[in-house]
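Here is how the chains run, residue by residue.
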Amino acid sequence: MGLRLRVDGDVVRGEVTFDRRQQGAPGIAHGGAVTTVLDDAVASLLVVLETPAVTANIHVDFRAPTLLHHPMTVEARATGRDGRKLHLTARLLDERATVVAEAQALFLAVDLEHFAKGGEALPEAWSGWGANAPG
Ligand SMILES: CCCCCCCC(=O)SCCNC(=O)CCNC(=O)[C@H](O)C(C)(C)COP(=O)(O)OP(=O)(O)OC[C@H]1O[C@@H](n2cnc3c(N)ncnc32)[C@H](O)[C@@H]1OP(=O)(O)O
């Protein structure tokens, strides 16, 4: 879906335009696709936090239809930490800055060994992250 994310201070921002591949109802993005974008945005905050963590849960409020072929922006920020629990939030906004969807996510910090289960090499940049997790 061409989601582009970047770190801007302690916020993650990005742009996405949904197309027919993410269609749910005619002309409108599927809620699962919207949730994927919000989950990806909050997950990118882990770069800011330098903490390996995984989504334990994510709650999404769909405030307005997310129209296909309309450029959307997404922004995510951390709202708090309680031990291993990272509280993260993200919003998806349309061209008029109307919030079309927002998410509250709980991530749990994990040891890097958690990802070894996937059998893939981990990004080099993650090598220094382990010291912060679990918190
Ligand atoms: C570094 C970049 C990574 C990119 C990640 C991208 C985002 C993703 O898509 S991750 C993929 C989707 N998520 C997953 O695969 C996670 C699968 N789940 C798991 O591995 C485990 O359930 C995991 C790690 C979340 C929690 O297991 P575990 O470490 O044993 O925690 P556990 O001891 O059960 O619980 C710890 C605390 O969290 C709470 N908790 C755990 N799960 C939840 C939940 N789903 N909702 C609310 N609270 C929860 C527990 O109640 C407990 O709270 P307290 O300490 O107050 O009693």
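The protein is annotated in an unreviewed UniProt entry as Acyl-coenzyme A thioesterase THEM4 of Patulibacter medicamentivorans. Regarding the protein, the relevant UniProt record gives this comment under Sequence similarities (unreviewed entry): "Belongs to the THEM4/THEM5 thioesterase family."

Draft legend 1. Spatial organisation of the packing of aromatic side chains. Per the counting criterion, the structure on display carries two aromatic pairs. Look at Phe 115 and Trp 126: their rings are 5.3 Å apart centre to centre, the planes differ by 65°, and that puts the pair in the edge-to-face class. One end of the pair, Phe 115, is in helix 2 (residues 113-116); the other, Trp 126, is in the segment after helix 2, and eleven residues separate them in sequence. Judged by its relative accessible area of 21%, Phe 115 is partly exposed. Ring geometry for Trp 126 versus Trp 129: centroids 5.4 Å apart, planes at 15°, classification stacked. Residue Trp 126 is classed as partly exposed on the basis of its relative accessible area, which comes to 24%.

Draft legend 2. How the structure looks around the pattern of salt bridges. Under the defined criterion, the tally for this structure stands at eight salt bridges. Put simply, Glu 75 and Arg 13 hold a salt bridge, and the shortest N to O gap is 3.4 Å. Pair noted here: Glu 75 is in strand 4 (residues 72-82) and Arg 13 is in strand 2 (residues 11-16), with a separation of 62 residues, a long-range link. Judged by its relative accessible area of 16%, Glu 75 is buried. Using a relative accessible area of 27% as the deciding quantity, one classes Arg 13 as partly exposed. Residue Glu 75 pairs with Arg 77 through a salt bridge whose shortest N-O separation is 3.7 Å. Residue class for Arg 77 comes out partly exposed when judged on its relative accessible area of 36%. Each of Asp 8, Arg 13, Glu 75, Arg 77 and Arg 91 takes part in a single network of salt bridges with overlapping partners.

So, how was this worked out
- Residues numbered from 1 in each chain as written.
- Predicted model: local features only at pLDDT ≥ 70, side-chain atom pairs only at ≥ 80, totals over all residues.
- Heavy atoms only, no water.
- UniProt positions renumbered as here; feature names shortened; annotations may be inferred.
- Phe/Tyr/Trp six-rings, centres within 6.5 Å; stacked < 30°, edge-to-face > 60°.
- Helix = DSSP H or I, 4+ residues; strand = E, 2+ residues; numbered from the N terminus.
- Buried < 20%, exposed > 50% of the residue type's maximum accessible area, 1.4 Å probe, protein only.
- Salt bridge = Lys/Arg side-chain N within 4 Å of Asp/Glu carboxyl O.

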